[in-house]
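Breakdown of the fold
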Amino acid sequence: MGDPPVSSARAIVRVDSPSADIPFSAEARIESGAFVLAVSGEADVASAAPERTAPIDAAYAASGEVDVLIDLSGVTFLDSGGLSWLVRVRSAAAARGGSVRLVGAPSRIERLLRISGLLPLFAA
Amino acid sequence: MAVPGPLGTGVLPLPDGVDLSPLLAVLADRDVPGPAATLAVAALLTAAHPCPDARSYDVGPGAMLDVLPARPDVAAMARRRVRSFAAGGTPSPDRQDEVAVAVSEAVSNAVQHAHGGADGCALVLLVGTVDGALRVVVGDDGRWDDTPPAAHRGRGTTLMAALSDVSARYSDAQGTVVVLGFDGVQAPGGL
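Residues numbered from 1 in each chain as written. Chains lettered and ligands numbered in written order. Predicted model: local features only at pLDDT ≥ 70, side-chain atom pairs only at ≥ 80, totals over all residues. Heavy atoms only, no water.

A word on unusual backbone geometry
Inclusion rule: Labels follow the DSSP assignment, with helices taken as runs of H or I lasting at least four residues and strands as runs of E lasting at least two, numbered in each case from the N terminus. Partly exposed describes any residue whose relative accessible area lies between the buried limit of under 20% and the exposed limit of over 50%, with all areas from a 1.4 Å probe on protein chains only and scaled to the type maximum.
Phi at serine 32 of chain A is positive, roughly 50°, even though this residue is not glycine. Checked against the element boundaries, serine 32 of chain A lands in the loop between strand E2 (24-31) and strand E3 (34-43). Relative accessible area serves as the criterion here: at 77%, serine 32 of chain A is assigned to the exposed category. A positive phi angle is found at aspartate 131 of chain B, which is not glycine, with a value near 50°. Among the secondary structure elements, aspartate 131 of chain B is positioned in the loop between strand E4 (121-130) and strand E5 (133-140). Judged by its relative accessible area of 78%, aspartate 131 of chain B falls in the exposed class.

Structural notes on the environment of glutamate 42 of chain A
Here is the rule: Any two residues whose heavy atoms approach within 4.5 Å are treated as being in contact.
Locating glutamate 42 of chain A in the fold gives a position in strand E3. Judged by its relative accessible area of 9%, glutamate 42 of chain A falls in the buried class. C-alpha separation for the pair glutamate 42 of chain A and glycine 82 of chain A, spaced 40 residues apart in sequence, amounts to 8.2 Å. With sequence-adjacent residues up to four places away left out, glutamate 42 of chain A is seen in contact with Ile22, Pro23, Phe24, Ser47, Thr76 and Phe77 of chain A together with Ala76, Arg79 and Arg80 of chain B.

Focus: the sheet that holds strand E5 (residues 100-103) of chain A
Residue and element names in this part refer to chain A. Selection criterion: For two strands to be treated as a pair, DSSP must find at least two bridges joining them. A fitted line through C-alpha atoms represents every axis, and for helices the fit uses only the stretch in contact; the resulting angles, taken between N-to-C directions, go from 0 to 180 degrees.
Read across the sheet, five strands follow the order E1-E2-E3-E4-E5 without closing on themselves; strand pairing throughout is mixed. Taken across any chain shown, the strands that pair with only one partner, and hence form the sheet edges, are strand E1 (11-16) and E5. For this sheet, the mean angle separating the axes of adjacent strands, direction not counted, is 20°. The pairing of E1 with E2 spans five bridges and is classified as antiparallel. Bridge assignment links alanine 11 to a residue of E2, and that residue is arginine 29. Where helix H1 (residues 50-63) meets the sheet, its contacts fall on E1, E2, E3 and strand E4 (68-78), and the angle it forms with E1 comes to roughly 165°. With respect to the sheet, helix H3 (residues 107-115) is in contact with E4 and E5, its orientation differing from that of E4 by roughly 105°.

Structural notes on the nonpolar core
Rules: Only buried residues count toward a nonpolar core, which is a set of Ala, Val, Leu, Ile, Met, Phe, Trp, Tyr and Cys residues joined through side-chain atoms within 4.5 Å.
Membership of the largest hydrophobic core comes to 40 residues, with the highest contact counts inside it found for Leu37 and Ile70 of chain A. Once residues within four sequence positions are removed from consideration, isoleucine 70 of chain A is found in contact with Leu37, Val39, Leu86, Val89, Val100, Arg101, Leu102 and Val103 of chain A. Residues Val74, Val82, Ala110 and Ala187 of chain B belong to the second largest nonpolar core, which totals 31 residues.

Comments concerning the interface of chain A and chain B
Think of interface size as the accessible area that goes away when the parts come together; that is how it is often given. Just so we agree on the cut-off: Throughout, buried area stands for the accessible area (probe radius 1.4 Å) lost by two parts on being put together, summed over both. One speaks of a salt bridge when a side-chain nitrogen belonging to Lys or Arg is within 4 Å of a carboxyl oxygen belonging to Asp or Glu. Polar contacts, as used here, are pairs of N or O atoms within 3.5 Å; protein pairs need one atom able to donate a hydrogen and one able to accept it. Residues neighboring in sequence count only if both atoms are side-chain atoms.
Chain A puts 23 residues into the contact, and the matching count from chain B is 24 residues. Between chain A and chain B, a total of about 1,800 Å² is buried, with carbon and sulfur atoms accounting for 55% of that surface. The interface formed by chain A and chain B contains five salt bridges. Taken together, chain A and chain B are joined by nine residue pairs in polar contact (both at pLDDT 80 or more). Elements with a minimum of two residues in the side of chain A that touches chain B: E4, helix H2 (80-95) and H3 of chain A. When residues in the side of chain A that touches chain B are grouped by element, the largest group, five residues, is from H2 of chain A.

If you want it as structure tokens, here you go:
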């Protein structure tokens, strides 16, 4: 999996954790013609719930960009709640004819994607 | 080694009259009575100490017992607790993460279909070591097939099965019990 890009772009939206027990943030920016989403911390059913990630969805819809790059290098934990979020992002991009590329995922996160059969959904 | 990181207001003594042996039997797989055992224990615990806050109970060294409200953020509490409980005996960070993901799946699923009753504490989490393997029991009062959506639920089941050495689910009209086992992962003490 590729290395994450170094960014100088300004964040257009940021979502933080719903709870003090869950370190989490997701920040979106536009860079090099893609909607770049940088995720940090623990993406689970609480932090990555649809109602929590809605501002990201809205920013993508408003952005006019088609392709998405998700930087997972800061992710310390991911379960099916986080996986479902990645699938939702992918569905939104696919509806526009765009692709979603994952970069920087720790190997154990990539393994979860493989076990779940989701790896083929994402661009190499 | 002491059981670390109690939830809520600290470690509570087990109330009088709470018999953990059916729950411990589920943990050890000597007998699988179904959700009734875990629900009976949960009901007795919450009658003595009403929710909605998470609680940890003193069950001696080598095991941990928590009662949790049906809120999505309790998955993080549960995996943090189990991580520290198993940390001394877990061979690698990747294995620790497998345990954390499987426990998070089991608790998240329980949260999504548990009903919570009058006091809102519907989940029982029991962890111990049996024959050199970490065993985790998550019990709740909901039905597995109440949980939408199907794709998400399927992913959780797939991950639990792939990351654990034993995974089983028993669901009836009273509730659901999930049992997970992780070979070669030991916690302090043991049952």
